[in-house]
Amino acid sequence: MAAKPYKATLNLPRTKFPMRAGLPQSEPARLERWEELDLYGRIRASRAGREKFILHDGPPYANGEVHAGTALNKILKDVIVKFQTLIGRDAPYVPGWDCHGLPIEHKVAGKLGDKIKGMDRVAVRRACREFALRFVDKMRGQFKRLGVLGLWEEPYLTLDKSYEYTTLDSFRELLAAGYIYKGLKPVHWCASCGTALAEAEVEYADHLSHSVYVRFPVVEDPDGVLDGELDGAYAVIWTTTPWTLPSNVAVAVHPKLRYLLVERDGARYLLAEGLADGVYEELGWEKPRELKAFKGEELLGLVCRHPFLERRVVFVPADYVTLEQGTGLVHTAPGHGAEDFYTGRRFELPVVMPVDDAGRFTDQVPEWAGLHVFEANEPIVERMRADGSLLAHGKVGHSYPHCWRCKQPVIFRATEQYFLKADHADLRRKAVRAAAAVDWVPAWGAERMRTMLEQRPDWCLSRQRTWGVPIPALYCADCGELILDERIAARARDLAGEQGCDAWFSEPVETLVPEGLTCPECGGGSFKRETDILDVWFESGVSHLAVLKRAEDGLRWPADVYLEGGDQYRGWFQVSLLTALALRDQAPYSAVVTNGWVVDPTGRAMHKSLGNVVNPDDICNRWGADILRLWAASGDYTRDIGLGEELIKQSTEAYRRIRNTLRFMLGNLGDFDPATDAVADEALLELDRWALHRLALLGGEVRRAYEAYEFHRASHLLHNFCAVDLSAVYLDVLKDRLYCSAADSPKRRAAQTALYRLAESLIVYLSPILAYTADEAWEYLPGERADSVHLADWPDNAVRRDENLAARWETLMAVREDVLKALEPFRAAKRNSLDAAVTLRAADEETATLLADYGADELRDLFIVSGVALDGVGEVPTEARAAVEIAEAPGDKCPRCWHVEAELVDGLPGEEPVCRRCASELGVIE
């Protein structure tokens, strides 16, 4: 045999799977390969006829680039779909976009500037359509770059004719069922955007408001409760919206609360007993003399005069009056608040509404006509200061409703709007009951949804904007009567299906009129079209009907899961539930998963002004999409999740450990063909069977984590298996057998068989999270297999569980820990553990018997030392399984395997002597 260096006789790892991932370069190339393969189409074909699993995609707005929160949401959805596909289900993914509404119209108006004033409605809609479609294309590319597989070339768009058809047909059904009406109600009104807002379109933010205490002169006391002349008798109210005082018509009291009449400086003041001390402090009063106390119900005959208008102000009862703040006497303006409005309706109070669409006072309030209501606060305060009705004025910071789009504070304003009745046909009760049967992740979602459903008002469906689905209603041109008719809705639906919703605005009004329609009020036959559009939440709220009917794309109704951010309890989760129950009498989903917000590492929301925004594209271009996917799957996404450079670097470290583990396994399978080299299970060594038992446990736990949407648990299980079970134990122990055994020796082939099963399963388990890397590793795995890991099946390793073996290895691993701890000083002295010999004294007979049964040679390999001696049973350190003595291994170091042996024998001709094991593996001796 020709002489050659011993290193050349070792079976060192060989693989083309690169150590450096180069994800920013390799991922786009892999994405191109997926598209060439039509990977999504092949996945769908491979699962045809299987049990379905439907994740219905909540549509993001097509009005900007993908931000960190949207990326998190899309990655989480992709993890679900990829996992469900792996376990054998037919899990199509049809992405979608919300293409109508104020967010897009707002952006278009900003781009057009003054030019928009000269454009007709259809031209503005055309500009909005072009804007939306441009961003659909932009965002589609960004989502695909994240490794998200789906029907990207045929997504659902709310501006598609087929979708608009379903939207209008859903409105028609609801109208026919009695859910829809138009009426006067106070709604959140954005004066900046010039439209009503739904609850889901309102955000609460800090706002500095005026705080005023105002006295209303009592002018009538028919029951004589105040015991005296009324001159100098006042009711004290408190408000943070002085601009609503011109609309005041009443003062609300709680019938059961106690109220006081107190005297100060010759005047008498009425206020709630439970708030009196706080009011005195706010007004800077010494405690006044108390004249009388009575219940609120005794005050209901009182009448006041408005502080600066010639108007009678009556007392009315209201259970919502509390002792939390104010005076216990609540200023009531039915035109400016929901509770005020319903109180006004109950007691037939006038609805005074002197504010126009721009938020400015009309001529009904001539003193401040033309002023924006917020600008009018100061003049109103000064007016009351001058006439003596103002008791105190200050500023108070509090949470106040703002428009979700322009971020400006909104007002409550009574206007004629279209509504969906929340209590019609027992809808609210049905919704509460249906929500209780849904699987909410996290579990607190059930209570959150229940509370919101119980408290929600009627749904305001109308918007005074241009870009959206029209409300299909007509007005009589002769008498102005509103005509809400199912036939009009059906005509609008059919037109939308043929031409799109622009037809409602572009076609002659006669085209919109069903045959034979006349005004039910005056019999006229001429009409005007409604120009309001539907709330975009209505459009997205019927997406389950518009999209899940696409059987040709593998979908079916209802969905198995919705996954969106926590703001969708007021939005998509809720409106989807309401429309589904009203139209199909069943919830549109079985489970709802909620993700939190993406914040910076300090917990602050991301804003450009703070300079803390992290762009997903930047992460993909610098580190790779798989790093972002690992970040997304590693944190508890049900809470707010931090994102920043240091957190991404932590993900890169975890990724590096996983990749290095895969590379080691692939490198040691370079000369292995599973078809010809794999050994039977009974030929595996005990260590191999232990590793496969651990794999079986991992597979079960990871599957349960994925099924429970606990992706952070799946991620940590997989990372820890790579770092601990494999790298720190099995692979570390295995190196000697892999490297030093003859290439085709039974022991090495046994190790490779186990490695192959470990690698194949681990790559599949990782693939929902590390979509690109798992697919890359899959290509380097030996043997015949599917063209992509995303076409694979979930490995069932349950048969490899061995609880008896596990119990035995629990003890062996505990002793190994004792040995490693004893070896620490040896290693600290820069000594290799193979220079050491170990003597073990067991804590008990059972442990001693187990160690002897396993054998000193096998223990030597397990501990990676050069010798092990067993010294029976004796005293051991607390909580240890064995006492460990470390000594210098006697003998000489083998230059090939580095074990220290008492005797070395002749090795290869012309080379140094080697140990007997190496000589045998080299064929020098038998």
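Located above this text is the structure these notes cover.
1. Quick word on the nonpolar core
Okay, step 1: Ranked by size, the top nonpolar core spans 160 residues in total, and within it Tyr-706, Tyr-730 and Leu-762 carry the most contacts.
Okay, step 2: At 14 residues, helix α23 (residues 711-740) tops the list of elements feeding residues into this core.
Okay, step 3: Filtering out sequence-adjacent residues up to four positions away, Tyr-706 remains in contact with Val-79, Phe-83, Phe-711, Ala-714, Leu-718, Tyr-765, Pro-768, Ile-769 and Trp-794.
Okay, step 4: Core analysis: the next-biggest nonpolar cluster, separate from the first, contains 82 residues, Ala-435, Leu-495, Val-542 and Leu-548 among them.

2. Notes on the packing of aromatic side chains
Okay, step 1: Taken as a whole and assessed by the stated rule, the structure comprises 34 aromatic pairs.
Okay, step 2: Residues Phe-171 and Phe-538 carry aromatic rings whose centres are separated by 6.4 Å and whose planes lie at 75° to one another, so their mutual orientation is edge-to-face. Of this pair, Phe-171 sits in helix α6 (residues 161-176) while Phe-538 sits in helix α15 (residues 536-541); the two residues are 367 residues apart in sequence, bridging distant segments of the chain.
Okay, step 3: On the basis of relative accessibility, which here comes to 0%, the residue Phe-171 falls in the buried class.
Okay, step 4: Using a relative accessible area of 0% as the deciding quantity, one classes Phe-538 as buried.
Okay, step 5: Considering the side-chain rings of Tyr-569 and Phe-573, the 5.3 Å spacing of their centres and the 90° angle between planes classify their relative orientation as edge-to-face.
Okay, step 6: We classify Phe-573 as buried; its relative accessible area is 0%.
Okay, step 7: Taken together, the ring pairs in this structure connect Phe-83, Tyr-637, Tyr-706, Tyr-709, Phe-711, Tyr-765 and Trp-794 into an aromatic cluster.
Okay, step 8: We note Lys-74 situated over the ring of Phe-143; from NZ or CZ to the ring centre the distance is 4.5 Å.
Okay, step 9: Its guanidinium or amino end placed over the ring of Trp-778, Arg-785 lies 4.8 Å from that ring's centre, counting from NZ or CZ.

3. Some details on the sheet that holds strand β20 (residues 482-483)
Okay, step 1: Pairing within the open sheet is antiparallel, and its three strands lie in the order β20-β19-β21. Every other strand in the sheet has two partners, leaving β20 and β21 (527-529) as the edge strands with one partner each.
Okay, step 2: Across three bridges, strand β19 (residues 474-476) lies against β21 in antiparallel orientation. Paired with Tyr-475 across the bridge in β21 is Lys-528.

4. A look at empty space enclosed by the protein
Empty space among the atoms can be located by rolling a probe the size of a water molecule over them.
Okay, step 1: Counted under the stated rule, the structure contains five cavities of 30 Å³ or more.
Okay, step 2: Those elements that provide at least two residues to the lining of the largest cavity are α2 (39-46) and α3 (68-86).
Okay, step 3: Top element by residues in the lining of the largest cavity is α3. It accounts for five residues.
Okay, step 4: Taken as a whole, the second largest cavity spans an internal volume of roughly 70 Å³.
Okay, step 5: Lining of the second largest cavity is provided by Gly-101, Leu-102, Thr-195, Leu-197, Glu-201, Arg-463, Arg-465, Ile-533, Leu-534, Asp-535 and Val-536.
Okay, step 6: Elements with a contribution of two residues or more to the lining of the second largest cavity: β4 (195-197) and β22 (533-534).
Okay, step 7: A per-class count over the lining of the second largest cavity returns five nonpolar, two polar and four charged.

5. Details of helix α28 (residues 856-863)
Okay, step 1: Considered for burial, the residues of α28 that qualify are Leu-859, Arg-860, Leu-862 and Phe-863. Around the axis of α28, the buried residues are gathered within 165° of arc, so they sit on the same side.
Okay, step 2: The positive-phi residue at the C-terminal boundary of α28 is Ile-864, with phi of around 55°.

6. Brief notes about the side chain of Glu-539
Okay, step 1: Here Glu-539 shows up in helix α15.
Okay, step 2: Here Glu-539 is in contact with His-100, Thr-158, Tyr-163, Thr-167, Gly-468, Val-469 and Leu-534, once residues within four sequence places are set aside.

7. Brief notes about the pattern of salt bridges
Side chains that differ in sign of charge can pair as their charged atoms come close.
Okay, step 1: For the coordinates displayed, the defined rule picks out 79 salt bridges.
Okay, step 2: Taking the shortest distance from any N to any O, the salt bridge between Asp-78 and Lys-82 comes out at 2.4 Å. One end of the pair is Asp-78 and the other is Lys-82, both in helix α3 and four residues apart, which spans about a single turn.
Okay, step 3: A relative accessible area of 2% means that Asp-78 is categorised as buried.
Okay, step 4: Here Arg-659 and Glu-776 are joined by a salt bridge, their closest N and O atoms 3.1 Å apart. Linking Arg-659 in helix α20 (residues 645-667) with Glu-776 in helix α25 (residues 771-780), this pair joins segments that are 117 residues apart in sequence.

8. Quick look at the environment of Thr-158
Okay, step 1: Tracing the backbone shows Thr-158 in the loop between β2 (156-157) and α6.
Okay, step 2: A sequence separation of 349 residues divides Thr-158 from Glu-507, and the C-alpha atoms of the two residues are 21 Å apart.
Okay, step 3: Other than its neighbours up to four places away in sequence, Thr-158 contacts Trp-97, Asp-98, Cys-99, His-100, Tyr-163, Glu-164 and Glu-539.
Okay, step 4: At a separation of 2.8 Å, a polar atom in the side chain of Thr-158 contacts the main-chain amide nitrogen of Cys-99.

Cut-offs and rules
- Residues numbered from 1 in each chain as written.
- Predicted model: local features only at pLDDT ≥ 70, side-chain atom pairs only at ≥ 80, totals over all residues.
- Heavy atoms only, no water.
- Core = buried A, V, L, I, M, F, W, Y, C linked by side-chain atoms within 4.5 Å.
- Buried < 20%, exposed > 50% of the residue type's maximum accessible area, 1.4 Å probe, protein only.
- Helix = DSSP H or I, 4+ residues; strand = E, 2+ residues; numbered from the N terminus.
- Contact = heavy atoms within 4.5 Å.
- Phe/Tyr/Trp six-rings, centres within 6.5 Å; stacked < 30°, edge-to-face > 60°.
- Lys NZ or Arg CZ within 6 Å of the ring centre and 35° of its normal.
- Pairing = 2+ DSSP bridges.
- 1 Å grid on protein atoms, 1.4 Å probe; cavity = no way out; pocket = protein on both sides within 12 Å on 5 of 7 lines; lining within 4 Å.
- Points joined across faces, edges and corners; volume = space filled by probe spheres on them.
- Nonpolar A, V, L, I, M, F, W, Y, C, P; charged D, E, K, R; others polar.
- Arc of directions from axis to C-beta.
- Salt bridge = Lys/Arg side-chain N within 4 Å of Asp/Glu carboxyl O.
- Polar contact = N/O pair within 3.5 Å; in protein donor to acceptor, adjacent residues only side chain to side chain.

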